[in-house]
Every structure is written in C-alpha cells, then in structure tokens.
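Spelled out from the first residue to the last, the chains are:
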Amino acid sequence: MEKSEAVKQFIVWFKESGIRKGWFAEKIGVDNASISRWLSGSVRPHRAVRKRIEELTEGAVKMDAWG
C-alpha cells in the first residue's frame, strides 16, 4: 500500500522539526499509537484532527493531502 502525500509530509515534518511524537499526540488529544498508525498509513485521522495537524505543523502537512 502506497502512503498518501500527507503521510510522507508528516514523516518528513517529524524528522525535520525534531518534535517528539508523544508531545504532538498530547497536543491533539490522542495516544502515541494513533500517531504511529497515521505514520504507517494504516489509518487516516478524522477531518477535525487533520485540520489540527495542519495547524500544528504550520501547513507542512496539508489537511486535504490525506486522500
């Protein structure tokens, strides 16, 4: 299964920003396992969460790029 553009952007953002997944998960109100599932591409976050991801990454991970 090919990863969506958003998953690729999210992976790059984590690497470049140095932000810890645990901190990010806390900010959006999910557990670390949710972040891992999103990064693997096995699950797509709900629309409201995708919007929050776009906000917290300052647009690096576009809400509509999740496919």
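Residues numbered from 1 in each chain as written. Predicted model: local features only at pLDDT ≥ 70, side-chain atom pairs only at ≥ 80, totals over all residues. Heavy atoms only, no water.

Moving on: the packing of helix α1 (residues 5-17) against helix α3 (residues 32-40). For any two helices packed against each other, one specifies the inter-axial angle together with the distance between the axes. Between α1 and α3, whose axes approach to 8 Å, the crossing angle comes to 120°. Comparing their axes, α3 and α1 come out oblique. Seen from α1, the contacting residues are Val 7, Phe 10, Ile 11 and Phe 14; seen from α3, they are Ile 35, Trp 38 and Leu 39. Here the residues of the contact of α1 with α3 are counted per class, giving 7 nonpolar, no polar and no charged. (Axes fitted to C-alpha atoms, helices over the stretch in contact; angles between N-to-C directions. Helix = DSSP H or I, 4+ residues; strand = E, 2+ residues; numbered from the N terminus. Parallel < 35°, antiparallel > 145°, perpendicular 65-115°, else oblique. Contact = heavy atoms within 4.5 Å. Nonpolar A, V, L, I, M, F, W, Y, C, P; charged D, E, K, R; others polar.)

Here we come to the nonpolar core. One finds Phe 10, Phe 24, Ile 28, Ile 35, Trp 38, Ile 53 and Trp 66 to be the most contacted residues of the largest nonpolar core, which totals 17 residues. In terms of residue count, the dominant contributor to this core is α1 (5 residues). Apart from the residues lying within four places of it in its own chain, the contact partners of Phe 24 are Phe 10, Trp 13, Phe 14, Ile 19, Ile 35, Ile 53, Leu 56 and Thr 57. (Core = buried A, V, L, I, M, F, W, Y, C linked by side-chain atoms within 4.5 Å. Buried < 20%, exposed > 50% of the residue type's maximum accessible area, 1.4 Å probe, protein only.)

Another point: the packing of helix α2 (residues 21-28) against α3. Here α2 crosses α3 at 105°, and the two axes come no closer than 8 Å. What the angle tells us is that α2 and α3 run roughly perpendicular. Only Asn 32, Ile 35, Trp 38 and Leu 39 of α3 make contact with α2, whose side of the interface consists of Lys 21, Gly 22, Phe 24, Ala 25 and Ile 28. Within the contact of α2 with α3, the residues separate by chemical class into 6 nonpolar, 2 polar and 1 charged.

According to the stated counting rule, one finds 6 aromatic pairs in the structure shown. For the pair Phe 10 and Trp 66, a centre-to-centre distance of 5.9 Å together with 80° between the ring planes defines the contact as edge-to-face. A residue pair is termed long-range when its members are at least 10 positions apart, and Phe 10 in helix α1 and Trp 66 in the segment after α4 (47-56) qualify at 56 residues. Taken together, Phe 10, Trp 13, Phe 14, Phe 24 and Trp 66 form an aromatic cluster joined through their ring pairs. Note that Lys 21 overlies the ring of Phe 14, its terminal NZ or CZ placed 5.4 Å from the centroid. (Phe/Tyr/Trp six-rings, centres within 6.5 Å; stacked < 30°, edge-to-face > 60°. Lys NZ or Arg CZ within 6 Å of the ring centre and 35° of its normal.)

All we've got here are geometric facts, nothing functional implied.
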